[in-house]
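Survey of secondary and tertiary structure
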Amino acid sequence: MNVLNFINDFFSDSANWHGTTGIPHRLLEHVEYSLLALLISAVIGLPIGLFAGHAGRGGYALAAFSTAARALPSFGLLVLMTVWLGEIGTTPAMIPLVALAVAPILVTSYEAIRSVDPAPVDAARGMGMSSAAVLFQVEIPAALPLILSGLRSAAIQVVSTATIAAYIGLGGLGRYIIDGLAQHTYGKVVGGATLVAGLAIVTIGVFYLVERLAVSPGVRRGR
Amino acid sequence: MNAYFDMPSDLQHSYLGLIGLHLREALLPVLFGLVVALPVAQLCVRFKWLYSPVLWVTTVLYAIPSLAFFVVLIDYTGATETTVMIPLTVYSLVLLVPAIVDGVRSVSPDTMAAATAMGFGPVQRYLKVQLPIAVPAIFAGLRLAAVSSISLVSVGTLIGNQGALGNLLADGQFYHRTPLIVTSVVTTALLAILVDGLLVLIQTLLTPWAPRGGKSAGKGAGKSGRPSLLRRRTTSAAREPEPAAARAALEDAVR
Amino acid sequence: MIQIDSVTKRYPDGTVAVDELSLEIPDGSITVLVGPSGCGKTTTLRMINRMVELTGGRILLDGADIHAQPVNALRRSMGYVIQNAGLFQHRTIVDNIATVPRMLGWDRDRARKRARDLMDRVGLDASLAKRYPYQLSGGQQQRVGVARALAADPPVLLMDEPFSAVDPIVRKVLQAELLRIQAELGKTIVFVTHDIDEAIKLGDMVAVLRTGGKLAQYAPPDELLSAPADAFVEDFLGTDRGIRRLSFFTSAGLELTTAPIIAVDSSAAQVAERTKASGAPYLLLTDTDGKPLGWTGPAAAAKGGAALSVAELLPHGRPFVFGKESLRDALDCAVLSPTGWAVAVDDGGRVVGVTSQTTIAEAIRGAHAERGAAGSPSASAKAAAAEAAAVDPAIAESKAAESKAV
Ligand SMILES: Nc1ncnc2c1ncn2[C@@H]1O[C@H](COP(=O)(O)OP(=O)(O)OP(=O)(O)O)[C@@H](O)[C@H]1O
Ligand SMILES: [Mg+2]
């Protein structure tokens, strides 16, 4: 039961709630890193995945690329980037996080568009929709649940992995884990891990809300 | 060359030795994960209400950072390989359960009815029909689990040099030997790609009935320059595997 | 008019789907492309709106090459209906139908208003407007598909097996509705099907294609049935084309007799007198309104009208609408009637006369002699239906469709 004791001690220590080393601040930093990494990954992954899916080509290349991206060890990459780039800002931490997140986004958005029912797409072309209109008005709305699920799994991995940023002296919830390990105060480690898991649950909740709002009831109920 | 492959003596392993260690630390957990995931998944298929809570638990477990997991376990299992392998087993389990459940569930009721009509009992149905048809889904999960496991072993270096190839990262920084870090990253990535490729190969051998060409590649589109949307998609592998799989599995089973 | 001028389609893999095909598709009528699976029907249709680019020949729309205008403008000027309707699952029914008007820049309210009008036109209840496609039956979805294609009032409608995914009963209804809508709107419709019955029922002109994308015959359905160009067409038409051709002969000229008809409130004396006068073993009993009740047997006839109970009557079977339905319907009624006599009724369902199988057979012989083996479509049942429509618009709506429905 000592894990629960750790959690209790960690969260009831008022010192953990104030200042730049307090939970709110660390949480904010963590969210900041995660959002930035997710944003960069989405900016890279979504357009490529969606357009490749729309054009129906590049599947092999995408599969190969995302296998390679997944294969890169996040922690190793972080160390390597720090050595190469120096500890300048968040860049060395962003690179492994983006490498991690871009693969699921790329692959799911590609597959999502590919798995859209061909009949409405054919009908849309037949009624004279431009290629872009077909993608944005027919394919993406129908593929949205799958696209969001790709983003969600990327987000959860990023939230969990963003802890490594602390290894190179950055903030975030990883601080508690890295510092706790160095100081042999396991309460901090457990507390940090609990916060990360909690943040992952919140992330799932956010995606649930986004799905409620953005996905048409016809698509949600229709599948 | 030696800058890259001369292992510091404190690691007590040659380069190849580290690779072996790394593979063991990464892949044994995947195997354990599979062994546990199969019955858990079967329970989820049997008792539908179980799946949703199981998914929640697995998602939360998956979100726990590996390092935190390692640190907590040190209290129980010490700074050992076991400490690294337990979390990796959990992560594999977490990836495999939904993969297997979805795969087994994708077997159509018609196919199951046909199997029952042929006189298969529940166990035979599971072993000879459901499981074979779920192979592609299971392998999709296995590939993810193996690749992420290989990547995560490196973090073990932070808890007393239990990271196999990852230990090169710490040493590289400590001795200021960047080439060691490059060796670690590149070797780990190559191992992941190799293992991934090997799993694809095994899957191909296990599923001779599946359409060739990988699931994400637009094979149907490849043939003609301007394929019609209709044709491209209806012939794409995505829709095919199940009926073909079902047929093949039933045939196999009858033999 | 759509002119298909020695058009060839060779797919990149070498398949020649359509080979030197020439067709003139007249305005304001339904032209059906029919043929076995893989004969190139879909390819031909999709070349018209450039969903498939032709590799030889040319297609002219009202004299201008279809390549003369931007491809999307061309497509917006043609409605396009496909097998499973292809509705947008993320849009409500009204918004599905309003798609093309919105693309053409109509404001939302106007487009929706138009969409609601069209729902009415294709027989969809207004309460369905806010539903999503998954909440509709297959037949309803198909109606939405047709409404969506009609939304911007395009002169041309391309339909690729639109009714082949629904069950036979719904299909019949949808076919009838299409004929009704066409009678109102007079579009230029190109309709693809592999079902020869559907082709004959719907087509003003029917193009039979053979595998390899070659034209086997291009003719009105009546002519197709009476004079198939070759063994392939004959085989494709099936064995009972003689019977089916009767659908194109009107029952208007059929000789009827009123002698064996008697009202239910007649006296015994009247019945006896009628029995003697008609010389027929059966009498057709009608209610006071003139609607048929059933046939009396010889024994029952002797008892007299008032004494007759309806339960003792032989069923009169399905009557045919005189002058509107075809000789095929009349023959069908006679064959199915227990007495061998068919009952002719007017639009109100009142008996106008009865006729025997022998009389119908004579009429068929007469019609054949008059039209010749080649036949001429001028006096077809469809024309009769159109005439009837001109007289009574309320009935025209349902009957124009039925005139071809068997
Ligand atoms: N994109 C394509 N690439 C290569 N060949 C094609 C393509 N589309 C169609 N074909 C071939 O062209 C021929 C005609 O196809 P089409 O779809 O026009 O037939 P169809 O008459 O509509 O058949 P069905 O009644 O089965 O719909 C077939 O042999 C088909 O295999
Ligand atoms: Mg077709």
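Residues numbered from 1 in each chain as written. Chains lettered and ligands numbered in written order. Predicted model: local features only at pLDDT ≥ 70, side-chain atom pairs only at ≥ 80, totals over all residues. Heavy atoms only, no water.

Taken together, 14 residues surround ligand 1, and among them Ser37(C), Gly38(C), Lys41(C), Thr42(C) and Thr43(C) come closest. Near ligand 1, the surrounding residues are drawn from chains B and C. Take Tyr11(C): an N or O atom from its side chain is 3.3 Å from a nitrogen atom of ligand 1. The contact in question runs from an oxygen atom of ligand 1 to an N or O atom on the side chain of Ser37(C), over 2.5 Å. Here ligand 1 has 630 Å² of accessible area as a free molecule, and 78% of this is covered by the chains. Looking at the shell around ligand 1 element by element, the count peaks at 3 residues for helix H1 (residues 41-48) of chain C. Of the residues in the shell around ligand 1, the class split is 3 nonpolar, 7 polar and 4 charged. (Near = heavy atom within 4 Å. Polar contact = N/O pair within 3.5 Å; in protein donor to acceptor, adjacent residues only side chain to side chain. Areas by Shrake-Rupley, 256 points an atom, 1.4 Å probe, with all protein chains shown as cover. Helix = DSSP H or I, 4+ residues; strand = E, 2+ residues; numbered from the N terminus. Nonpolar A, V, L, I, M, F, W, Y, C, P; charged D, E, K, R; others polar.)

The next thing to look at is the pattern of salt bridges. Residues and elements named next belong to chain C. Applying the stated criterion across every chain, the model contains 25 salt bridges over all chains. One salt bridge connects Glu-53 with Arg-50, and the closest N-O pair in it is separated by 3.0 Å. Judged by relative accessible area, Arg-50 falls into the buried class, the value being 13%. It is possible to trace a salt-bridge network through shared partners that takes in Arg-121, Arg-143, Glu-177, Arg-180 and Glu-184. (Salt bridge = Lys/Arg side-chain N within 4 Å of Asp/Glu carboxyl O. Buried < 20%, exposed > 50% of the residue type's maximum accessible area, 1.4 Å probe, protein only.)

Now for H1(C). Counting buried residues along H1(C), 7 of its 8 residues qualify, which places the element largely inside the surrounding structure. Listed in full, the buried residues belonging to H1(C) are Lys41(C), Thr43(C), Thr44(C), Leu45(C), Arg46(C), Met47(C) and Ile48(C).

A few words on the UniProt feature "domain: ABC transporter" (unreviewed entry) in chain C. When the UniProt feature table is mapped onto this chain, "domain: ABC transporter" (unreviewed entry) is found at residues 2-237 of chain C. Across residues 2-237 of chain C, the secondary structure splits into 38% helix and 25% strand, with the terminal C-alpha atoms separated by 26 Å. (UniProt positions renumbered as here; feature names shortened; annotations may be inferred.)

This part is about the interface of chain C and chain A. Across the boundary between the two partners, chain C contributes 22 residues, which contact 21 residues of chain A. Summed over both sides, the interface of chain C with chain A buries roughly 1,900 Å², with 58% coming from carbon and sulfur. Scanning the region where chain C abuts chain A turns up 1 salt bridge. Mapped onto the side of chain C that touches chain A, the elements with two or more residues apiece are helix H2 (71-76), strand E6 (78-81) and helix H4 (99-103) of chain C. (Contact = heavy atoms within 4.5 Å. Buried area = accessible area lost by both parts, 1.4 Å probe.)

Formed by 119 residues in total, the largest nonpolar core has its most connected members in Leu67(B), Ile100(B), Leu142(B) and Ile159(B). With 14 residues, the top contributor of residues to this core is helix H7 (residues 131-161) of chain A. With sequence-adjacent residues up to four places away left out, Ile159(B) is seen in contact with Leu181(A), Leu67(B), Phe70(B), Val71(B), Ile74(B), Ala79(B), Thr83(B) and Val84(B). Counting 50 residues, the second-largest nonpolar core is a separate cluster that includes Ile30(C), Ala147(C), Leu179(C) and Leu224(C). (Core = buried A, V, L, I, M, F, W, Y, C linked by side-chain atoms within 4.5 Å.)

Residue and element names in this part refer to chain B. Following both chains from N to C, one finds helix H2 (residues 15-46) and helix H3 (residues 48-63) inclined at 130 degrees, their axes separated by 5 Å at the closest point. Judged on the interaxial angle alone, H3 and H2 are oblique. Between H2 and H3, the contacting residues are Leu-43, Cys-44, Val-45 and Arg-46 on the first element and Lys-48, Leu-50, Tyr-51 and Val-54 on the second. Its residues assigned to classes, the contact of H2 with H3 comprises 6 nonpolar, no polar and 2 charged. (Axes fitted to C-alpha atoms, helices over the stretch in contact; angles between N-to-C directions. Parallel < 35°, antiparallel > 145°, perpendicular 65-115°, else oblique.)

Residue and element names in this part refer to chain A. Taken together, the side chains of Val-83, Trp-84, Leu-85, Ile-88 and Ile-95 define a hydrophobic patch exposed on the protein surface, amounting to about 440 Å² of accessible area. No other element matches helix H4 (residues 74-85), which puts 3 residues into the nonpolar patch. In this fold, Trp-84 is placed in helix H4. (Patch = residues over 30% accessible without salt bridge, like charges linked within 9 Å, V, L, I, M, F, W, Y side chains within 5 Å.)

What follows concerns the UniProt feature "transmembrane region" (unreviewed entry) in chain B. All names here are of chain B. In the numbering used here, UniProt assigns the feature "transmembrane region" (unreviewed entry) to residues 26-47, 54-74, 86-104, 133-160 and 180-202. Across residues 54-74 one finds 90% helix and 0% strand; the C-alpha atoms that close the span lie 26 Å apart. Annotation note: span residues 86-104, helix share 100%, strand share 0%, distance between end C-alpha atoms 26 Å.

On to the sheet that holds strand E5 (residues 64-65) of chain C. Residue and element names in this part refer to chain C. Strand order in this open sheet of 4 strands is E2-E1-E4-E5, and the pairing throughout is antiparallel. Of all the strands in the sheet, the pair left with one neighbour each is strand E2 (16-25) and E5. Pairing of strand E1 (residues 2-10) with strand E4 (residues 56-61) involves 5 bridges; the strand directions are antiparallel. In the strand pairing of E4, Gln-3 is matched with Leu-60. H1 rests against E1, E2 and E4 of the sheet, and its axis sits at about 120 degrees to E1. (Pairing = 2+ DSSP bridges.)

Attention shifts here to the packing of aromatic side chains. All names here are of chain B. For the coordinates displayed, the defined rule picks out 10 aromatic pairs over all chains. With a centroid separation of 5.9 Å and an interplanar angle of 90 degrees, the aromatic rings of Tyr-62 and Tyr-91 are classed as edge-to-face. Highlighted residues: Tyr-62 in helix H3 and Tyr-91 in helix H5 (residues 81-105), separated in sequence by 29 residues. Tyr-91 sits in the buried class, given a relative accessible area of 4%. (Phe/Tyr/Trp six-rings, centres within 6.5 Å; stacked < 30°, edge-to-face > 60°.)

Attention now goes to the sheet that holds strand E16 (residues 351-356) of chain C. Residues and elements named next belong to chain C. If you trace the 3 strands from one edge of the open sheet to the other, you get E14-E15-E16, paired in mixed fashion. Looking along the sheet, the strands with just one partner apiece sit at the ends: strand E14 (320-321) and E16. The strands touched by helix H14 (residues 327-336) are E14 and strand E15 (341-345); relative to E15, the strand with the most contacts, the crossing angle is about 130 degrees.

Attention shifts here to the packing of H3(B) against H5(B). Residues and elements named next belong to chain B. One way to put it is that H3 packs onto H5 with a least axis distance of 9 Å and a crossing angle of 150 degrees. When the axis of H3 is compared with that of H5, the two are roughly antiparallel. At the point where H3 passes H5, the crossing takes the left-handed sense. Where H3 approaches H5, its residues Lys-48, Tyr-51, Val-54, Leu-55, Thr-58, Leu-61 and Tyr-62 are matched on the opposing element by Val-90, Tyr-91, Val-94, Leu-95, Val-97, Pro-98, Val-101, Asp-102 and Arg-105. Within the contact of H3 with H5, the residues separate by chemical class into 12 nonpolar, 1 polar and 3 charged. (Left-handed = near helix turned anticlockwise from the far one by under 90°.)

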